[in-house]
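So you can see what is in the structure, the chains are spelled out below.
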Amino acid sequence: MKDIIFLIGFMGTGKSTIAEYMRKNYGREAVEMDAVIEEREGMSVSRIFQEKGEAYFRELETKLLGELGGRKNLVVSCGGGVPLQDCNVELMRKNGTVVFLTAAPETIYKRVKNSHNRPLLEKNKNIPFIASLMEERRERYERAADVLTVTDGRSAEEICKEIVEKISQGIQKADACPGM
Ligand code: S3P
């Protein structure tokens, strides 16, 4: 198994939860990209978007991904926008295995409705918006991924077991995208 597992997927697909579960139960070090960026900048993702703009945030994401390259035994919870840039996808695929977590828009809505640190959803917290942004991004997520795992209605334990099994069986590229 490669040294880094990169968890990608739309906001609210459970990337942080799965990274934390893997940290606790699989002895991997976990990196939550948004949290690292917030700590470095001394402000929330929402404020970075507001005060410095999205493009600045995207640069920070790419810089951080580049820094993770040589690390070992890591699971990285990527911000939902990370696979939108080709250079980020290249970095992830070079340095690790990319796991795409999916969930239906209805599931995402339930998971994010009480959160206020997702600037792209703040004024658009509804199922049609989530579905359309997800559809816009779907191909990029699919192309970046080595492995796809559906998260709707499943426990962190089930999801992690599936991820580890698929990675160790060397299952490559998922074509279909159920749950989206
Ligand atoms: C974003 C997802 C967020 C965060 C930022 C932008 C996106 O991370 O990086 O609000 O473009 O999808 P999560 O996917 O962890 O919510």
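Residues numbered from 1 in each chain as written. Predicted model: local features only at pLDDT ≥ 70, side-chain atom pairs only at ≥ 80, totals over all residues. Heavy atoms only, no water.

**Structural notes on the overall build of the chain**
Thinking step 1. What the chain contains, in helices and strands, is 9 helices and 5 strands.
Thinking step 2. In the chain, the order of α-helices and β-strands from amino to carboxyl end is β-α-β-α-α-α-β-α-β-α-α-α-β-α.
Thinking step 3. With the C-alpha coordinates of the chain rotated into their principal frame, the extents come out at 45 × 35 × 30 Å.
Thinking step 4. Expressed as a percentage of contacts within the chain between residues at least 6 apart in sequence, the contacts between residues at least 24 apart total 76%.
Thinking step 5. Accessible area of the chain: about 8700 Å², with a carbon and sulfur share of 49%.
Thinking step 6. The distance from the centre of the 28 positive side-chain charges to the centre of the 28 negative ones in the chain is 2 Å. (Helix = DSSP H or I, 4+ residues; strand = E, 2+ residues; numbered from the N terminus. Contact = heavy atoms within 4.5 Å. Areas by Shrake-Rupley, 256 points an atom, 1.4 Å probe, with all protein chains shown as cover. Lys, Arg positive; Asp, Glu negative; His and termini not counted. Charge placed at Lys NZ, Arg CZ, Asp CG, Glu CD.)

**Considering the environment of Val99**
Thinking step 1. Note on placement: Val99 falls in strand β4 (residues 96-102).
Thinking step 2. Sequence-distant contacts of Val99, that is, excluding residues within four places in its chain, are made with Ile5, Phe6, Leu7, Ile8, Val147, Thr149, Ile163 and Ile167.

**Thoughts on the pattern of salt bridges**
Thinking step 1. Across all of its chains, the model carries 20 salt bridges by this definition.
Thinking step 2. Between Arg58 and Glu61 there is a salt bridge, with its nearest N and O atoms 3.0 Å apart. Of this pair, Arg58 and Glu61 both sit in helix α4 (residues 54-68), 3 residues apart, roughly one helical turn. For the residue pair Arg58 and Glu61, the accessibility class agrees, reading buried in each case.
Thinking step 3. The salt bridge partner of Lys166 is Glu162, with a shortest N-O separation of 3.0 Å. Pair noted here: Lys166 and Glu162 are both in helix α9 (residues 156-168), with a separation of 4 residues, about one helical turn.
Thinking step 4. Sharing partners across several salt bridges, the network here consists of Arg154, Glu158, Glu162 and Lys166. (Salt bridge = Lys/Arg side-chain N within 4 Å of Asp/Glu carboxyl O. Buried < 20%, exposed > 50% of the residue type's maximum accessible area, 1.4 Å probe, protein only.)

**Side note on the nonpolar core**
Thinking step 1. Judged by nonpolar contacts, the single largest core of 37 residues is most densely connected at Ile8, Phe10, Val76, Cys78 and Met92.
Thinking step 2. Setting aside chain neighbours within four positions, we find Ile8 in contact with Lys15, Cys78, Pro83, Met92, Val98, Val99, Phe100, Leu101, Tyr141 and Ala144.
Thinking step 3. In terms of nonpolar packing, the next biggest core, distinct from the first, is built from 14 residues, Leu7, Ala19, Val99 and Cys160 among them. (Core = buried A, V, L, I, M, F, W, Y, C linked by side-chain atoms within 4.5 Å.)

**Brief notes about the environment of Leu133**
Thinking step 1. You can see Leu133 is positioned in helix α8 (residues 127-144).
Thinking step 2. Between the C-alpha atoms of Leu133 and Leu120, which are 13 residues apart in sequence, the distance is 9.7 Å.

**Comments concerning the sheet that holds strand β2 (residues 29-32)**
Thinking step 1. Taking strand neighbours across the sheet as the criterion, the 5 strands line up as β2-β3-β1-β4-β5 in an open arrangement whose pairing is parallel. Because the sheet does not close on itself, it has two edges, and the strands there are β2 and β5 (147-150). Geometrically, the sheet is characterised by an average inter-axis angle of 25° between neighbouring strands, direction not taken into account.
Thinking step 2. Packed onto the sheet, α9 meets β1 (4-8), β4 and β5 and runs at close to 160° relative to β5. (Pairing = 2+ DSSP bridges. Axes fitted to C-alpha atoms, helices over the stretch in contact; angles between N-to-C directions.)

**Details of the site of the ligand**
Thinking step 1. The full set close to the ligand counts 14 residues, and Lys15, Asp34, Arg58, Arg118 and Arg137 are the nearest of them.
Thinking step 2. Between the ligand and Lys15 there is a distance of 2.8 Å, counted from an oxygen atom to a side-chain nitrogen or oxygen.
Thinking step 3. In this structure, Arg137 approaches the ligand through a side-chain N or O atom, which is 2.7 Å from an oxygen atom.
Thinking step 4. Of all the elements in the fold, those that place two or more residues in the shell around the ligand are α4 and α7 (119-122). (Near = heavy atom within 4 Å. Polar contact = N/O pair within 3.5 Å; in protein donor to acceptor, adjacent residues only side chain to side chain.)

**Section: the packing of aromatic side chains**
Thinking step 1. This structure, assessed with the given rule, holds 3 aromatic pairs.
Thinking step 2. Between Tyr21 and Tyr26, the aromatic rings sit 6.5 Å apart at their centres with planes inclined by 55°, giving tilted as the arrangement.
Thinking step 3. Residue class for Tyr21 comes out partly exposed when judged on its relative accessible area of 21%.
Thinking step 4. When the centroid spacing of 5.3 Å and the interplanar angle of 35° are considered together, the rings of Phe100 and Tyr141 count as tilted. (Phe/Tyr/Trp six-rings, centres within 6.5 Å; stacked < 30°, edge-to-face > 60°.)

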